[in-house]
Amino acid sequence: MEESALRDAPIKIHPALRRYVKFSRMVPMIELAMVNQDGQLIVGDTLYSLRGASYSKRHLVSREEATFPLEEFDPSATMEVRLNAALAKRKASSVTELFGTQGTTGTHSGCGRSNRFDFLSNPARRHETTTMCVHDFRYPSIRVDPEDYDFTPNAPGAIVMWNTSYRTWTDRTWGEAYTRFYKYRRIGSMLKLATVSSSDLPREYPRSTEATVMTQQRRWRDVKFVCRGLRSALNHGGLVVRASIARCAGTGTWSKHTALMANVQNLPNKYGID
């Protein structure tokens, strides 16, 4: 119906979609995320169309149309950009200087009370809130720069742990948690955070990451606990891990994070973030 109005012409309905005809005025938002016969995506009153390296949005009521570039979304890279911007703004040399024991959050052992902020990472997400903790350490051996042939001993690194609560473009509530290794690269007089790849570490260098995300009611006494869930992800030999779970209305996310690496002491082990 919405597509017919957008095109000002009748359209063919696939037999599998005949049940939607019974909605005489409106199809519910949660049911209306579908792809038509031309590969166009309809969400609510908006028609999305791919156009090479971009996509367009056309609204049913206003008929306004806008075009946007297609972008690959990587939460780890987005976190890297955000933290580097904070380092540059505050002229800090490490993430724990901003958010750790000596930072503004009064944390304990490099983390403790977490720092909460609006991630604003993905335009397809709404009401997105991220809670983050950071932990600095030193790599026994790592390639710091992409052009390095040899491994640098005792090089600075950081672990960033976070969970995010948000609504999807289909109006689903969702939660996810990440544990991610980063490294510091010196650019001029500043240390800049950068993601770590497997080739940056010696071959078969033991490490692992784990993240567990749980849904919970924010107000335990006032709201009956009617929905809960628990999802875990473990990555042996990995530098990043993601766990995700669907949430019910009124629930937030709580997470536990672990990062292990050979010859590195006092890394986060089942560290909780609320």
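Reading the values: rules and limits
- Residues numbered from 1 in each chain as written.
- Predicted model: local features only at pLDDT ≥ 70, side-chain atom pairs only at ≥ 80, totals over all residues.
- Heavy atoms only, no water.
- Phe/Tyr/Trp six-rings, centres within 6.5 Å; stacked < 30°, edge-to-face > 60°.
- Buried < 20%, exposed > 50% of the residue type's maximum accessible area, 1.4 Å probe, protein only.
- Helix = DSSP H or I, 4+ residues; strand = E, 2+ residues; numbered from the N terminus.
- pLDDT = per-residue confidence, 0-100.
- Contact = heavy atoms within 4.5 Å.
- Expected span 1.5 Å × (residues − 1).
- Arc of directions from axis to C-beta.
- Pairing = 2+ DSSP bridges.

Student: What am I meant to see in the packing of aromatic side chains here?
Tutor: Pairs of aromatic rings are described using the distance from one ring centre to the other and the angle between the two planes. Under the criterion given, the structure shown has four aromatic pairs. Their ring planes at 35° and their centres at 6.3 Å tell us that Tyr 48 and Tyr 55 sit as a pair that is tilted. Here Tyr 48 falls in the partly exposed class, since its relative accessible area comes to 24%. In textbook terms, an aromatic cluster arises when at least three aromatic residues are bridged by ring pairs, as seen for Phe 137, Tyr 139 and Phe 181.

Student: I would appreciate a short explanation of unusual backbone geometry in the present structure.
Tutor: Excluding glycine, residues mostly have negative phi values, and the peptide bonds linking residues are mostly trans. Of note, Asn 263 is a non-glycine position whose phi angle comes to about 65°, a positive value. You will see that Asn 266, though not glycine, has its phi angle at about 60°, which is positive. Mapped onto the secondary structure, Asn 266 falls in the loop between strand S14 (251-261) and strand S15 (271-273).

Student: Before we go on, may I ask you to explain the confidence of the model for the protein in this structure?
Tutor: Low pLDDT marks regions whose predicted coordinates should not be analysed in detail. Confidence along the protein averages 77 in pLDDT terms, with 71% of residues attaining 70 or more. Of all the helices and strands in the protein, strand S6 (residues 115-117) carries the lowest mean pLDDT, 51, while strand S9 (residues 173-187) carries the highest, 91. With pLDDT under 50 throughout, residues 101-110 is counted as low confidence; its partners more than four residues away or in other chains account for 28 contacts.

Student: For this particular structure, what's the right way to read helix H2 (residues 75-90)?
Tutor: Since the α-helix packs 3.6 residues into each turn, any two residues three or four apart lie on the same face. Its 16 residues place the ends of H2 23 Å apart at the C-alpha level, agreeing with the 22 Å of an ideal helix rising 1.5 Å per residue. When we look at burial in H2, the residues that qualify are Pro 75, Ser 76, Met 79, Glu 80, Leu 83, Asn 84, Ala 86 and Leu 87. Down the axis of H2, the sector holding all buried residues measures 165°, keeping them to one side. Exposed residues lying more than 90 degrees from the buried face of H2 are Val 81 and Lys 89.

Student: I would appreciate a short explanation of the pairing of strand S3 (residues 46-51) in the present structure.
Tutor: On a regular strand, one side chain projects to one face of the sheet and the next to the other, so that they alternate. Pairing analysis gives three bridges linking strand S2 (residues 41-43) to S3, with the strands arranged antiparallel. Bridging from a neighbouring strand, Ile 42 pairs with Leu 47 of S3. In this sheet, strand S4 (residues 54-59) lies alongside S3 in antiparallel orientation, the contact comprising six bridges. When the sheet's bridge partners are listed, Arg 51 is paired in S4 with Ser 54.

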